[in-house]
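Listed below, chain by chain, are the residues.
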Amino acid sequence: MSSRRDFMGMALGGFTALGSIGALYAMKKSWDPLPSVKAAGFTTIDLTDAKENEITTKEWRGKPIFLMKKSKDMKPHDRDIVVGEDRYLVNVGLCTHLGCIPSYKPAEKEFLCACHGGKFDASGVNLPNLPPVVPLDIPPFSISGTKMVLGGTGPEYEKLLADGLTRKV
Ligand code: FES
């Protein structure tokens, strides 16, 4: 009789434990961000991570983001992100022809896309008479000091869009 009671006790304990795990799982699911929030995908990058004439690759919404500090000998461009005296390139690292990842050639100060020979200058502008017909895209951003939030849209980004210096991505 007592062994039957033991068995019932253990079974009841087991069910209670399973129920608790289920409840914890349900609670965790309700705490996780909604898929729409995850998809909104804000990423903060610090421009001080950038190196002169060298690409640092970040990631935003699964896309590579090229970050580079422009050296003094590089031509300034209205697409540059300007903080104080410093100029930065922040571009989506996908060729605007068919989406390959271009590589940066520091000696030439150019991006070369190996897929079909596309080239972009150090401001991310496509070189003429090659397959890409538009510059590398600039991700939406807002800026505060040297911190850049990708996925937000601040006045600097709105101006780039209004001036036709990037496409909306
Ligand atoms: S994908 Fe880059 S040149 Fe075609």
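Quick caveat: nothing in here was measured; it's all calculated off a predicted structure.

Novice: I tried to follow the sheet that holds strand S4 (residues 81-83) on my own but got confused; where do I start?
Specialist: Working definition: the strands of a sheet are paired by backbone hydrogen bonds and lie parallel or antiparallel to each other. Taken in spatial order, the four strands make up an open sheet running S2-S3-S5-S4, and their pairing is antiparallel. Here the strands that pair on one side only, and so sit at the sheet edges, are strand S2 (56-60) and S4. Each strand axis lies, on average, 30° off the axis of its neighbour in the sheet, ignoring direction. Both S2 and strand S3 (residues 63-69) contribute to a ladder of five bridges, which runs antiparallel. Residue pairing for S3: Glu-59 is matched across the bridge by Pro-64.

Novice: How should I be thinking about the pairing of strand S10 (residues 147-150) in this particular structure?
Specialist: Successive residues of a regular strand alternate their side chains across the two faces of the sheet. Residues Met-148 and Leu-150 line the buried face of S10, whereas the alternating positions Lys-147 and Val-149 sit on a face that is not buried. Where strand S1 (residues 43-46) meets S10, four bridges bridge the pair, whose relative direction is antiparallel. Looking across to S10, one finds that Thr-43 is bridged to Leu-150. Where strand S9 (residues 141-144) and S10 come together, four bridges link them in antiparallel fashion. Bridging from a neighbouring strand, Ile-143 pairs with Met-148 of S10.

Novice: Just checking my understanding: could you explain the environment of Cys-100 for this structure?
Specialist: Tracing the backbone through its elements, the reader meets Cys-100 in the loop between strand S5 (86-92) and strand S6 (103-105). Apart from residues lying up to four places away in sequence, Cys-100 is in contact with Cys-95, Cys-113, Ala-114 and Cys-115.

Reading the values: the criteria
Residues numbered from 1 in each chain as written. Predicted model: local features only at pLDDT ≥ 70, side-chain atom pairs only at ≥ 80, totals over all residues. Pairing = 2+ DSSP bridges. Helix = DSSP H or I, 4+ residues; strand = E, 2+ residues; numbered from the N terminus. Axes fitted to C-alpha atoms, helices over the stretch in contact; angles between N-to-C directions. Buried ≥ 20, exposed ≤ 12 C-beta atoms within 10 Å, placed from the backbone. Contact = placed C-beta atoms within 7 Å.

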